[in-house]
Amino acid sequence: MEVSVTLWVLTVVGLAALIAVDFFIGRKPHEVSIKEAGTWTVVWITLAGLFGLGLLLFGGGQPAGEFFAGFITEKSLSVDNLFVFVLIMAKFAVPPQYQQRVLLVGVLIALVLRAVFIAAGAAIIASFSWVFYLFGAFLIWTAWKLVQEARADEEDEEYEENKLLKAAEHRFGVADRYHGTKLWIQRNGKRVMTPMLVVMLAIGTTDVLFAMDSIPAIFGLTQDPYIVFTANAFALMGLRQLYFLIGGLLKKLVHLSYGLSIILGFIGVKLMLHALHESGVRVPEISIPVSLGVICAVLVVTTITSLMATRKQTAVEAVHTGGESAPKDSVDA
């Protein structure tokens, strides 16, 4: 898909305008209700759908299909980010009324960093076609790692600050409490960071780790930098509202890691086949409609099985609790 400089500029300006509107609406610190989060989640998904339809009308079925496949993949992978965001919010004890501001700025930082990753990835792919082998192998390895982590079932996992964040805290110092939405304060004549700025940096820089698998994944669906960027942008820009909407449901998605591992493994295989095809080896390639169908099917199935497993576990715990109380009741009688 040929994308002019003018279209790139208009797209970036349009996304910036949407972010400004989102920031203006949520500028006053407050606890985000389920209704508000649900409304804005629908708005962001609708905007992504309209953008995809625009690609269909002006670019054709191929770019539109690649965008929707990329958007759904990035959105599903971003849900996994929310587990870490919950840990970060808990570690830094972020007051509920400030969480929406933290996520807004943190996601904005993540979007800028991902844009750098995307530009680098596009440049590497344009120069070295063999990089698809590396991307494919990395995704398959990541898929296996996700399965291992899911089987380990580490419930006591804690967030650990990365080296960049630790260096910033050591260099500038951190205040001992929140000061509203202020990012810097003066303490003993020295300018220090507030916990608000630290947690924003934590959200933004932590997302870079997730980009290590999500960026190769979407390049496995499309090599068009414009589609890669816009799919990432729309997936991330609705992440804040999604955090508040499904925050209580995250623990119920017990099979999500398995589903994501299947998706990453599938795209890894797709990349390997594409690399072989580019090398002149006659192998079948997986089309975008097939990719989109597999991704959607895996997400639907893992969501259903997760909810079924959670319901079954709740029922077993209820029976177990009832069984323990039965002997006590009989003695009292």
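Note that the coordinates shown come from a computational prediction; the quantities given were computed from them, not determined experimentally.

Scoring rules and cut-offs
Residues numbered from 1 in each chain as written. Predicted model: local features only at pLDDT ≥ 70, side-chain atom pairs only at ≥ 80, totals over all residues. Heavy atoms only, no water. Helix = DSSP H or I, 4+ residues; strand = E, 2+ residues; numbered from the N terminus. Buried < 20%, exposed > 50% of the residue type's maximum accessible area, 1.4 Å probe, protein only. Contact = heavy atoms within 4.5 Å. Areas by Shrake-Rupley, 256 points an atom, 1.4 Å probe, with all protein chains shown as cover. Axes fitted to C-alpha atoms, helices over the stretch in contact; angles between N-to-C directions. Parallel < 35°, antiparallel > 145°, perpendicular 65-115°, else oblique. Patch = residues over 30% accessible without salt bridge, like charges linked within 9 Å, V, L, I, M, F, W, Y side chains within 5 Å. Salt bridge = Lys/Arg side-chain N within 4 Å of Asp/Glu carboxyl O. Expected span 1.5 Å × (residues − 1). Pairing = 2+ DSSP bridges. Polar contact = N/O pair within 3.5 Å; in protein donor to acceptor, adjacent residues only side chain to side chain. Phe/Tyr/Trp six-rings, centres within 6.5 Å; stacked < 30°, edge-to-face > 60°. Lys NZ or Arg CZ within 6 Å of the ring centre and 35° of its normal.

A. How the structure looks around the overall build of the chain. Scanning the chain from N- to C-terminus turns up eleven helices and two strands. Mapped from its N terminus to its C terminus, the chain presents α and β elements in the order α-α-α-α-α-α-β-β-α-α-α-α-α. Counting all 333 residues of the chain, 45% fall into the buried class. For the chain, restricting intrachain contacts to residue pairs at least 6 apart in sequence, the fraction spanning at least 24 positions comes to 78%. For the chain, the accessible surface area stands at approximately 17600 Å², while carbon and sulfur atoms represent 66% of it.

B. Summary view of the packing of helix H8 (residues 225-237) against helix H9 (residues 239-246). Their axes nearest at 5 Å, the elements H8 and H9 cross at an angle of 40°. Between H8 and H9, the angle falls in the class oblique. Of the residues in H9, those touching H8 at Ala235, Leu236 and Met237 are Leu239, Arg240 and Gln241.

C. Quick look at unusual backbone geometry. At Ala93, a position not held by glycine, the phi torsion is positive, near 50°. Relative to the helices and strands, Ala93 resides in the loop between helix H3 (61-91) and helix H4 (96-127).

D. Representation of a nonpolar patch on the surface in the model. A contiguous nonpolar surface patch, about 400 Å² in accessible area, is contributed by Ile124, Phe128, Trp130 and Leu134. Positionally, Ile124 belongs in helix H4.

E. Quick peek at the environment of Ala217. As for its position among the elements, Ala217 is in helix H7 (residues 195-219). For Ala217, a relative accessible area of 0% puts it in the buried group. Contact partners of Ala217, with chain neighbours within four places excluded, come to Thr73, Leu77, Leu139, Leu264 and Ile267.

F. Representation of H8 within the structure. Given a rise of 1.5 Å per residue, 13 residues ought to cover 18 Å, and the 18 Å separating the end C-alpha atoms of H8 matches this to within 8%. Within H8, twelve of the 13 residues are buried, which leaves the element mostly enclosed by the surrounding structure. Regarding H8, the residues found buried are Tyr226, Ile227, Val228, Phe229, Thr230, Ala231, Asn232, Ala233, Phe234, Ala235, Leu236 and Met237.

G. Region of the structure containing the pairing of strand S1 (residues 184-187). As paired elements, S1 and strand S2 (residues 190-193) share four bridges and run antiparallel to each other. Within the sheet, the bridge partner assigned to Arg187 lies in S2 and is Lys190. Adjacent in sequence and paired antiparallel, S1 and S2 are bridged by two residues, among which Asn188 carries a positive phi angle near 55°.

H. Quick look at the pattern of salt bridges. A complete count under the given rule lists one salt bridge for this structure. Note that Arg114 is salt-bridged to Glu74, the shortest N-O span being 3.1 Å. Linking Arg114 in helix H4 with Glu74 in helix H3, this pair joins segments that are 40 residues apart in sequence. Accessibility assignment for this pair places Arg114 and Glu74 in one class, buried.

I. The side chain of Ser76, seen in detail. Within the secondary structure, Ser76 is located in helix H3. There is a polar contact of 2.7 Å between the side chain of Ser76 and the backbone oxygen of Thr73. Not counting residues up to four positions away in its chain, the partners in contact with Ser76 are Leu260, Ile263 and Leu299.

J. How the structure looks around the packing of aromatic side chains. Taken as a whole and judged by the stated rule, the model has ten aromatic pairs. Between Trp8 and Tyr226, the aromatic rings sit 5.2 Å apart at their centres with planes inclined by 90°, giving edge-to-face as the arrangement. Taken together, the residues Trp8 in helix H1 (residues 5-25) and Tyr226 in helix H8 connect sequence positions 218 residues apart. Using a relative accessible area of 3% as the deciding quantity, one classes Tyr226 as buried. Ring geometry for Phe67 versus Phe234: centroids 6.1 Å apart, planes at 90°, classification edge-to-face. Highlighted residues: Phe67 in helix H3 and Phe234 in helix H8, separated in sequence by 167 residues. With relative accessibility at 0%, the residue Phe67 sits in the buried group. In this structure Phe234 comes out as buried when scored by relative accessible area, which is 6%. Through successive ring pairs, a cluster of aromatic residues spans Trp8, Phe51, Phe67, Phe68, Phe71, Tyr226, Phe229 and Phe234. In this arrangement the basic side chain of Arg171 is found over the ring face of Phe172, its NZ or CZ atom lying 5.0 Å from the centre.

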